Amino acid sequence: ATLSFLKDTIGDKIEKAEVSVSLRESPANLAQGQYSMSPQMQKYMKARAVAMGEEADFTGGAGMPSVLQINPDHPIVTKLNAQIQDGNKGEDAE
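**Q** Which parts of the structure should I look at to understand helix α1 (residues 2-10)?
**A** Spacing of three or four residues puts side chains on the same side of an α-helix, whose turn is 3.6 residues. Buried residues of α1: Thr 2, Phe 5 and Leu 6, and no others. One face of α1 carries all of its buried residues, which in axial projection span an arc of 95 degrees. Buried residues belonging to α1 abut β1 (14-19), β3 (66-70) and α3 (75-85). Just beyond α1, the residue with positive phi is Gly 11, at close to 75 degrees.

**Q** I would appreciate a short explanation of the sheet that holds β3 in the present structure.
**A** Consider a sheet: its strands pair through backbone hydrogen bonds, and that pairing is either parallel or antiparallel. The three strands are arranged β1-β3-β2 in an open sheet whose pairing can be described as mixed. Among the strands making up the open sheet, the edge pair consists of β1 and β2 (28-31). Across the sheet, the axes of successive neighbouring strands diverge by a mean angle of 20 degrees, strand direction being ignored. As judged from the five bridges shared by β1 and β3, these two strands associate in the parallel manner. Bridge pairing links Ala 17 to Leu 68 in β3.

Scoring rules and cut-offs
- Residues numbered from 1 in each chain as written.
- Predicted model: local features only at pLDDT ≥ 70, side-chain atom pairs only at ≥ 80, totals over all residues.
- Heavy atoms only, no water.
- Buried < 20%, exposed > 50% of the residue type's maximum accessible area, 1.4 Å probe, protein only.
- Helix = DSSP H or I, 4+ residues; strand = E, 2+ residues; numbered from the N terminus.
- Arc of directions from axis to C-beta.
- Contact = heavy atoms within 4.5 Å.
- Pairing = 2+ DSSP bridges.
- Axes fitted to C-alpha atoms, helices over the stretch in contact; angles between N-to-C directions.

Take a look at the structure:
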């Protein structure tokens, strides 16, 4: 329920929401999608386009949203999950 709530709330800015197995202290993390370009690669491609005299508005990864990974044991995520389970999807949850 929490993952679908996050995906619905954030919308097209993320590809999907998933539970992370590597997060320990952070509540969440944005990771690159499987076939997405890293921010560094996007920056490189934009600089290369400018150097070659091509259009500078290269948006290499703009159509490739990130993956939101959540830590289910973090207090923020557990509180959000409790609010969703109780049906409280108000301003605090969003």
